[in-house]
Amino acid sequence: MISIHKINDNNLSILLDKYELTLNALKNPPYFIENIPDYFYYLTRLLKSIESNPQTDNSELSLLIKFNSSFEDQLLNHGNSIENLPSEFNLKNILLEISETIIKQNKKAETIFNVLKEKTNSNIEESILNSILLNEHKQNKVLIISNNYDEDYLKESIKKNYLKNVEIIRYKKFIKRREEELKEYYIIGYFLEGYRDFEVYHNLSVIINLFLYDFEENLYKDCLNKYKSKIEKELQSEDRLFISGIEYEAPAPIPISISQTLQNIIDRTKNWDEKVYDDNIEDPDEGSNELILYNIEYEGLDEADSLKSTDTVFDEKNNLIRVNKLKIGDCIRVYKLDFGELLLNTAMEFQSEIFNEIEKHSKLWKDVLREMYLNTYKTDIEHLHYHLRKHGVRVLKSTVLNNWIYGKTKFPKSDKAIKAIYEISRDLELGLSFNDIIKSKRIYNSTMISLGRDLKEEIKNFLTDGNIGEIMQKNNITQETLRKVIDEQMPLRKIMNISTKLIKAEDVDE
Amino acid sequence: MSKTNGFDIIIKIPKYFYKILDELYSNLYLFIANAQFYENYMNPEFNLGELVVKKVGKKNRKYKVIGINERQITLVEQKKESLKDLNGPATIYVDRKNIVKEFVPIKRSLKKGSLNNFLQLFSSLNGLDINEDYFPTKFGIVTIFVGSKKIFENFRNFTFHDIKGNLYNSIPCYYINRDGKESDTLGISPLLYFVSSYRIAYQQIIKNKIRVCNVVLFGDGFDELQQIISDQSIYGFRIIGICTTQIEKRMSSIKYWEWHKEEINLIQSL
C-alpha cells in the first residue's frame, strides 16, 4: 500500500513551470527541439535527490549537467548556439538553477529528516506506554528505501544526527524482503520511478510512506490510473465472463492533467523491462551519459589513480568509503586486485551447467565479431568501429579490439552491441541465439557483481581481523599469499592531491 | 476431475494473502486426493508376491501373497529375522470374497497408525466402513502437484477435527526431489505425487507411462507452463494452477483468473 506525503516547495514549482514553458517555446522555429532525453534523466535525478549542502555551488549533478552537451548539440542541428541564445530560452541554465535550488535547500530531505527525528524521538517515550495501552502492532523502527547513490549520504546524515533505529535498504534488496519482517517498520520512500515500483509498493500489505513533491503526485495518480485500467481489463476478461457469467462495466476513468515535463518523465520508463527498471532504481548513475572521474595523486609517488565518484576504497581503518568523500591527507587502499579469474572459477564451481552455457554464448558473439574483423573488414578497426557506432554502439575503438575481439571480456556492457554485431554480420546462429545470449549476459554480469561484492567484503574482513573468507578458502588462498598480494597491489597511500575530470560514459574502456 | 468435461484454469492470488493461499493449497490437495481415490475405486486385484496388512485389529501383521486360486488367497506372515519362531511363519487362507474386508496391499512396512490415518480419512470423506468396505491402495491414475517443498511440508499443519492424522500423513503421496530421489508419506503406493519442478515429474512419472489425471501447479515460477501445455496434448491431463506471480502471458487454452487485492479485501470485509 502506498501513502503519499506531499512536500511543497514553491521555488521549485516556479522553476519547473519556467522549465516547461521554455521547453515548449523551444519546439518552435528556429530551434525545433522536441525533447532532450538526457535532461529528463537529470530532472528525475534532481527530484529524487535528498542531498543538501548550502555551502556548495557545484553539486555532482550540476557538474554533470554542465558537462552534458545534448542541448547544445540539438541547438547546433538548426544552426543555433547556446552563446547567442536569449536568456529566456536557455534551458540549461534553468535546469542548473533547479539543481542549485535543490542542493541549497532540499525540502524533500528536510521533510524526511524531520519525520525521522519525530519518529525516533517519540519512540522512546511512547514505546513503553504503547505496549501497555495499545494492542496493535508497533512500528518502532524506520526503514528507508534507497539506492546505491544515496545510501552512504543517508547513513552519514543519520549518524551525524544521532538517529537511532533507522535502517537503510537498497530498492532491490527491499523488494526481496519478506513482508512479515517489514511489519515492524515505518517505511519511507522518497522517489517513484514509474509504474513498476508503484505496482510493487501498491501490492504490499505494509504501508510505504512515499514523500513526493506536490507536483509529483500526478506521477502517482497516473500510475494508479494505469493500475485501474489493468484491473478493469482483468474484470472484463472473457475468461471471467466464461467462468462467472457476470459482465462488468467499468466506470469512466478519472481524468488527470499532466504537465509535459512529468509526461516525459513517465515516458522515459515506458520501454524498460523489469531488469532495466530495477537496475535504474538501484543505481541511478547507470542512466547517466556523463561521468566524473577523480584523479588521485599520492605523496612520494608518480603514479595516480583515476576512479569513478561512486567507486569505494578502503580507508585507514579498513572501512569502505566513497571516492567522492575523500580528502587530501587521507590514507587509502585502492581495491584493484585482478581476481577476475578467481571469481570466474568460483562461479563455475557453483553453477557449472549454467556457466557452460554462458561460455558458449560468450564465444558465439566474440567469434562472429572476430570473423568479421578479420575477413569482412580485413583488420580495418576504424571501419568496423565506424559501423558499430552507426548502429548505436558507443564504445572506444580499444574496447572493441583489445577487449571484445582479443580480450577477456565475456559480454559487452549493453545489449545494443550484440544486436549491432548481428545486424552488421547477419549471422544466422547469432540471430537465433540472441535472446539466450542476452540472458546469459545478465546472469554472468549479476553473478560477477555479487561475487565481486562478496570478495571485497572478504578483503575488508581480512584487513580488519585477518580471517580468510569463503571464496578465498575455496580457491586455496592462504593468509600469507593474500597479505603479500595486498601489500604489493594495494598498499596504503596518503593522498596528496585530488582533481576531477568529466568525461562521457562512452569514453571509458569496457 | 476427469478431463472429459470442464476446463483448465489458473488462479492468481497475491503472495501476501498467505493464509488464503495455504487454505487453497490444502483444500485443493485434499479435494483432488479424494477425487483421485474415487477414480481408482474399481475392482480390487491381489497379486502374487504382494505385501498386505490387516486393515482392522490392533496388531500390525504383515503378510505376503503366495497363492491365489478361484476360492482362496494364501498368505504367509512376514516377520523380522529375529522374531521368527521355530514352527515357521504362519500361513493363512482367506476367502477371496472376504479378502478386501480384512486386508489391503501395501508397498512397504508401515505403522498401524499410518494405515489408520489413511483409512479414517477416506472412510470419513466417503462414508465407507473400515470393517466392511474395500479401500483401494494401488492407484493406476494419479495427480501430480508441482510446488515448493515448503508448501508440501506445511500440509502437516492442516488437521481434521475428528481424525488423528493430518493432511500430510493421511494421504499416500510420493515426494520426488530435484535429484529424482523419492520419499513417501505412508507405506502405500502413491495416489498423488509432489515434485519441485515439472521436469522431474516428466522424467520420473509421465515418461514412465503412469497415467496422470491432473498436473496442479502451486506457488510462483510457472516457467515450465509452455512445456506442460505441449505435453498435455500427448498425455491428456488437466492443468490447474494457483499462482502467486503473474504468468508471463495468457494462454488461450487455459482460463485465467487474477484476483486483485482490492477484490479480496472487499470480500473479506463483507
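Residues numbered from 1 in each chain as written. Chains lettered and ligands numbered in written order. Predicted model: local features only at pLDDT ≥ 70, side-chain atom pairs only at ≥ 80, totals over all residues.

A. Summary view of the overall build of chain B. Looking only at helices and strands, one finds eight helices and 13 strands in chain B. Each principal axis of the C-alpha distribution contributes one length, and for chain B these read about 70 × 40 × 35 Å. Counting over 270 residues, chain B shows a buried share of 31%. The long-range share in chain B, meaning contacts at least 24 apart out of those at least 6 apart in sequence, stands at 66%. (Helix = DSSP H or I, 4+ residues; strand = E, 2+ residues; numbered from the N terminus. Buried ≥ 20, exposed ≤ 12 C-beta atoms within 10 Å, placed from the backbone. Contact = placed C-beta atoms within 7 Å.)

B. Summary view of the overall build of chain A. Check the secondary structure of chain A and you find 23 helices and eleven strands. The C-alpha radius of gyration computed for chain A amounts to 26 Å, which stays within 12% of the reference 24 Å derived for 510 residues, consistent with globular compactness. The C-alpha extent of chain A, read off along each of the three principal axes, is 65 × 65 × 60 Å. Evaluated residue by residue, chain A yields a buried proportion of 27% over its 510 residues. Counted over contacts in chain A with a minimum sequence separation of 6, partners at least 24 positions apart contribute 73%. (Rg over C-alpha atoms; globule rule 2.2 N^0.38 Å.)

C. Looking closely at the domain arrangement of chain B. Residues and elements named next belong to chain B. Looking at chain B, the domain boundaries give domain 1 (9–40 + 139–269) and domain 2 (51–126). Where the side of domain 1 that touches domain 2 is concerned, the elements lending two or more residues are α1 (18–39) and α5 (167–170). Looking at the side of domain 1 that touches domain 2, its residues break down into six nonpolar, six polar and two charged. (Domains from an automatic or database assignment. Nonpolar A, V, L, I, M, F, W, Y, C, P; charged D, E, K, R; others polar.)

D. Spotlight on the sheet that holds strand β3 (residues 62–68) of chain B. All names here are of chain B. Taken together, five strands build an open sheet; the order of strands is β5-β4-β3-β2-β6 and the sheet is antiparallel. Unpaired on one side and paired on the other, β5 (91–95) and β6 (103–106) mark the two borders of the sheet. With direction set aside, neighbouring strand axes in the sheet form an average angle of 40°. (Pairing = 2+ DSSP bridges. Axes fitted to C-alpha atoms, helices over the stretch in contact; angles between N-to-C directions.)

E. Broad picture of the nonpolar core. By size, the foremost hydrophobic cluster in this structure holds 66 residues, and its most contacted members are B:Ile144, B:Phe145, B:Val146, B:Leu192, B:Tyr193, B:Ala201 and B:Val215. Here this core spans two domains, since at least three of its residues come from each of domain 1 (9–40 + 139–269) and domain 2 (51–126) of chain B. Setting aside its immediate chain neighbours within four residues, B:Ile144 contacts B:Tyr193, B:Val195, B:Ala201, B:Ile205, B:Val212, B:Val215 and B:Val216. Counting 65 residues, the second-largest nonpolar core is a separate cluster that includes A:Ile50, A:Leu61, A:Ile98 and A:Ile266. (Core = buried A, V, L, I, M, F, W, Y, C linked by C-beta atoms within 7 Å.)

F. Seen up close, the sheet that holds strand β10 (residues 331–333) of chain A. Residue and element names in this part refer to chain A. Spatially, the six strands line up as an open sheet ordered β7-β6-β11-β10-β8-β9, and their pairing is antiparallel. Two strands bound the open sheet, and with one partner strand each, they are β7 (304–308) and β9 (320–322). Looking at each pair of strands side by side, their axes are set apart by 45° on average, direction ignored. Across two bridges, the pairing between β10 and strand β11 (residues 493–504) is antiparallel. Of the residues in β11, the one forming a bridge with Ile332 is Arg493.

G. Just unusual backbone geometry, in detail. Residue and element names in this part refer to chain A. The amide bond that connects Pro29 to the next residue, Pro30, takes the cis arrangement and shows omega of 5°. Within the secondary structure layout, Pro30 lies in the loop between α1 (10–25) and α2 (37–48). Residues other than glycine seldom take positive phi values, yet Phe32 does so here, at roughly 55°. With respect to the helices, strands and loops of the structure, Phe32 is situated in the loop between α1 and α2. A residue is classified by how many C-beta atoms lie within 10 Å of it, and Phe32, with 13 of them, is partly exposed. Notably, Tyr162 is not glycine yet its phi reads approximately 50°, a positive angle. Take Tyr162: it is sitting in the loop between α7 (151–160) and β3 (166–170). By C-beta crowding, Tyr162 is classed as exposed, having 8 other C-beta atoms within 10 Å.

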